[in-house]
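Close look at the chain arrangement
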Amino acid sequence: MASLVGLRGVRAEGGGRRWRLNRIVSQIVAIVGALLLWQLVATTLTSEGTLPTPWSVGRALVGLWGTAAYWSALLTTLRAWAIGLLICSVVGVPVGLALGSSRVAMASTRWVIDFFRTIPTVALLPLLLLLFGATARMEITMIVLAAIWPIIIQSIYSVSQIEPLLKWVVRVFRFSVLDRARFLWVPSIALMVSTGLRLSATMALLMAISAEYIGGAPGLGSELVRMQTTLQRPEVYAYAVTAGLLGVAINVVIGRLQRRVLCWHPSIREGH
Amino acid sequence: MNPSVNAGHPGVLLNVQGLSKKYGDREILRELDLIVESGEFVCIVGPSGAGKTTLLQCLSGLSAPTAGRVVLNGREIHETPPEMAIVFQDYSRSLMPWLSVLDNVTVALRSTKLNKQARHERAVAALTEVGLGDHLALYPWQMSGGMQQRAAIARALAYQPEIVLMDEPFASVDAQTRADLEDLTLALKNHLGITVVLVTHDIDEAVYLADRVVVLGNRPTQVVDIVEVELGAQRDQISTKADPKFSSLRSRVYRGIRGEAPTAADAVEG
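Residues numbered from 1 in each chain as written. Chains lettered and ligands numbered in written order. Predicted model: local features only at pLDDT ≥ 70, side-chain atom pairs only at ≥ 80, totals over all residues. Heavy atoms only, no water.

**With respect to the overall build of chain A**
Counting its regular elements, chain A contains 12 helices and zero strands. Each helix (α) and strand (β) of chain A, taken in turn from the N terminus, gives the series α-α-α-α-α-α-α-α-α-α-α-α. Seen along its three principal axes, the alpha-carbon backbone of chain A occupies a region of about 75 × 55 × 35 Å. Counting all 272 residues of chain A, 39% fall into the buried class. Across chain A, contacts joining residues at least 24 apart in sequence account for 72% of those joining residues at least 6 apart. Accessible surface for chain A amounts to roughly 15,400 Å². Of this, 70% is attributable to carbon and sulfur atoms. Side-chain charges in chain A split into 24 positive and 10 negative, and the spacing between the mean points of these groups amounts to 10 Å. (Helix = DSSP H or I, 4+ residues; strand = E, 2+ residues; numbered from the N terminus. Buried < 20%, exposed > 50% of the residue type's maximum accessible area, 1.4 Å probe, protein only. Contact = heavy atoms within 4.5 Å. Areas by Shrake-Rupley, 256 points an atom, 1.4 Å probe, with all protein chains shown as cover. Lys, Arg positive; Asp, Glu negative; His and termini not counted. Charge placed at Lys NZ, Arg CZ, Asp CG, Glu CD.)

**With respect to the sheet that holds strand β3 (residues 41–45) of chain B**
All names here are of chain B. The six strands are arranged β6-β7-β8-β3-β9-β10 in an open sheet whose pairing can be described as mixed. Of all strands in the sheet, those with a lone pairing partner are β6 (84–87) and β10 (222–228), marking the two edges. Across the sheet, the mean angle from the axis of one strand to that of its neighbour is 20°, orientation sign disregarded. Alignment of strand β9 (residues 212–217) against β10, held across six bridges, turns out to be antiparallel. From the neighbouring strand, Val-214 faces β10, where its bridge partner is Ile-226. Packing against the sheet, helix α6 (residues 175–192) makes contact with β3, β7 (163–167) and β8 (195–200), and its axis sits at approximately 140° to β3. (Pairing = 2+ DSSP bridges. Axes fitted to C-alpha atoms, helices over the stretch in contact; angles between N-to-C directions.)

**Notes on the environment of Arg-26 of chain B**
Along the chain, Arg-26 of chain B falls in strand β2 (residues 26–37). Along the primary structure Arg-26 of chain B and Phe-88 of chain B are separated by 62 residues, whereas in three dimensions their C-alpha atoms are 24 Å apart.

**A few points about the pattern of salt bridges**
All names here are of chain B. Summed over all chains, the structure comprises 19 salt bridges over all chains. With a closest N to O distance of 3.2 Å, Arg-178 and Asp-202 form a salt bridge. Here Arg-178, found in helix α6, pairs with Asp-202, found in the loop between β8 and α7 (203–209); they are 24 residues apart in sequence, far enough to count as distant. Residue class for Asp-202 comes out partly exposed when judged on its relative accessible area of 22%. Within this structure, Arg-178, Glu-182, Asp-202 and Glu-205 form a network of salt bridges that share partners. (Salt bridge = Lys/Arg side-chain N within 4 Å of Asp/Glu carboxyl O.)

**Some words on the interface of chain B and chain A**
Interface size is commonly expressed as the accessible surface area that is lost when the partners come together. Taken residue by residue, the interface counts 29 residues in chain B and 24 residues in chain A. Interface area for chain B against chain A, summed over the two sides, is near 2,500 Å², with a carbon-plus-sulfur share of 68%. The tally of links from chain B across to chain A stands at three salt bridges. We note a salt bridge from Asp-179 of chain A to Arg-110 of chain B, for which the minimum N-O separation is 2.7 Å. Linking chain B with chain A are seven residue pairs in polar contact (both at pLDDT 80 or more), by the criterion used here. Elements represented by at least two residues in the side of chain B that touches chain A include exactly β6, α2 (91–94) and α5 (145–158) of chain B. Top contributing element to the side of chain B that touches chain A by residue count: β6 of chain B, with three residues. A per-class count over the side of chain B that touches chain A returns 18 nonpolar, six polar and five charged. (Buried area = accessible area lost by both parts, 1.4 Å probe. Polar contact = N/O pair within 3.5 Å; in protein donor to acceptor, adjacent residues only side chain to side chain. Nonpolar A, V, L, I, M, F, W, Y, C, P; charged D, E, K, R; others polar.)

**Comments concerning the confidence of the model for chain A**
Per-residue pLDDT for chain A averages 88, and the proportion of residues at 70 or more is 92%. For chain A, the element scoring lowest by mean pLDDT is helix α1 (residues 2–13) of chain A, at 40; helix α4 (residues 68–101) of chain A scores highest, at 95. (pLDDT = per-residue confidence, 0-100.)

**Regarding the domain arrangement of chain B**
All names here are of chain B. If you check the domain split of chain B, you get domain 1 (7–83 + 163–269) and domain 2 (93–160). With 15 residues of domain 1 at the contact, the number on the domain 2 side is 10 residues. Carbon and sulfur atoms make up 73% of the area that domain 1 and domain 2 hide from each other, which totals about 960 Å². Three residues stand out in domain 1 for area buried against domain 2, namely Leu-181, Leu-184 and Leu-188, and they jointly supply 39% of the buried area on that side. The interface formed by domain 1 and domain 2 holds zero salt bridges in total. Applying the counting criterion to the domain 1 and domain 2 interface returns two residue pairs in polar contact (both at pLDDT 80 or more). Elements with a minimum of two residues in the side of domain 1 that touches domain 2: β7 and α6. (Domains from an automatic or database assignment.)

**Observations concerning the nonpolar core**
Burial of nonpolar side chains together is a common tendency in soluble globular proteins. Membership of the largest hydrophobic core comes to 151 residues, with the highest contact counts inside it found for Ile-44, Leu-59, Ile-153, Val-213 and Val-253 of chain B. The residues contacting Ile-153 of chain B, other than those within four sequence positions of it, are Val-87, Val-130, Met-166, Phe-170, Leu-181, Leu-184, Thr-185 and Leu-188 of chain B. (Core = buried A, V, L, I, M, F, W, Y, C linked by side-chain atoms within 4.5 Å.)

**So, the packing of helix α7 (residues 136–158) of chain A against helix α9 (residues 177–213) of chain A**
Residue and element names in this part refer to chain A. Where α7 meets α9, the closest approach of the two axes is 8 Å, and the angle between their N-to-C directions is 160°. Here α7 lies roughly antiparallel to α9, going by the angle between them. Considering how the two elements wind past one another, α7 and α9 form a crossing that is right-handed. For the contact of α7 with α9, the per-class residue count stands at 18 nonpolar, seven polar and two charged. (Parallel < 35°, antiparallel > 145°, perpendicular 65-115°, else oblique. Left-handed = near helix turned anticlockwise from the far one by under 90°.)

**Some details on the domain arrangement of chain A**
The assigned domain composition of chain A is domain 1 (1–50) and domain 2 (52–269). Just the C-alpha atoms count here: the centres of domain 1 of chain A and domain 2 of chain A sit 24 Å apart.

**Describing the sheet that holds strand β1 (residues 12–23) of chain B**
Residue and element names in this part refer to chain B. Strand order across the open sheet formed by four strands is β2-β1-β4-β5, with antiparallel pairing between neighbours. At either margin of the open sheet sits one strand with a lone partner, and together these are β2 and β5 (75–76). Strands in contact with helix α1 (residues 52–59) are β1, β2 and β4 (67–72); relative to β1, the strand with the most contacts, it is inclined by about 125°.

Dropping the structure here:
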């Protein structure tokens, strides 16, 4: 691991730092632009108070940070999200790898998978509510039903990423099965599987908030509904912004991990 | 398993008997016989698309022959035996991009039951031997093609095999690197006393490197000629290739590949 870190250090000096700075500046410009547009729409196009200004939403958000309800809702949502994503990975990766290892299995399940993944999970909500009520269990089931597909599909295709010549190399040098898994299979499939995980993570968050918002399971979504019913508009948007920030944070963290662990990968080492 | 296979050939290391390979109706190899003696450098040369890679797969147990057998040290092989290593043509795909060069070599030694320290020492020694001693921490993709192929050679050497199979190992590097790698391979072979079987489509390379050249004919592949190369153990890119013996051997191999009969001149000089 130390060598990987050293490598990144060396590469950062080669003109990469300035490029990185440029990227951060342009991102800040984009954010400021979006906020200005929001401000413009809120003050000119909509009637007083329908769409709160970014400033009032920001103030509401800071205000919410002082309440226990906010943090407990955030934690509840995160917990359901994490459990859901864990189930997706534990089930989805092995299933995807198994399907991907066999051409017959891959071909015969393609339509079934396409069918199930295009069913809008929200349509299953009434059924799930009937089964589990407005609970975390309903929420987690929804997360799994919606977010497992990217992991399965990426895992299926990850199998084809194993270099055929390296399969010979491990046979020539008589690698044990465990060593083949550790030194060939895991690194070969890591990029595609982790990309699936990243897609699933976003999807899972979306589903968590939906299950709370529409289905009434406890969390950020149901807090948002509570603010709506008490007509606290800036707080409604503050919760929406929280969900958005959570999504960004999750993506950034997984993306960072991916780049760090897979710094050897052609698609990452060149784009770095 | 016939224990009398090696009788009368105490030095025989690899014995290929009646090797045939078919994919469905397509006959790739037809009844190849080949004997490689211990310490020999044998080049197998044939036209492109002559099933040379298929032959190498059968020799190494990566692919099962349709008929015939491959015997190494008196034992018929069905998988790559521990006393054999392979250097593949495509160095960019045969090294693991997620491991440093050093780790690429040490990881190939895990089946040897050496302890971690011994694996490390052997890998460093092999990489130093091929001239990569100062580049142990680099990843394969940070190195030139020639360096990558050196690393692949080091991996094979560190494994300390009795026999190394090389599949067109220098076909994907530039001419200068190619000459360097040829000389490196010759030097290592002479120094370590290992047996080398190298598959190539390049006639000059085959004659320059080999103690014996096995000439393959095309479709289905069969042995059309076996040429003893008596150019001595010390060879060099300029004087060896300027030797009249070299050019007459080279024409004999060339004619063999083209399917022409050896001429009287070949018989005298070769």
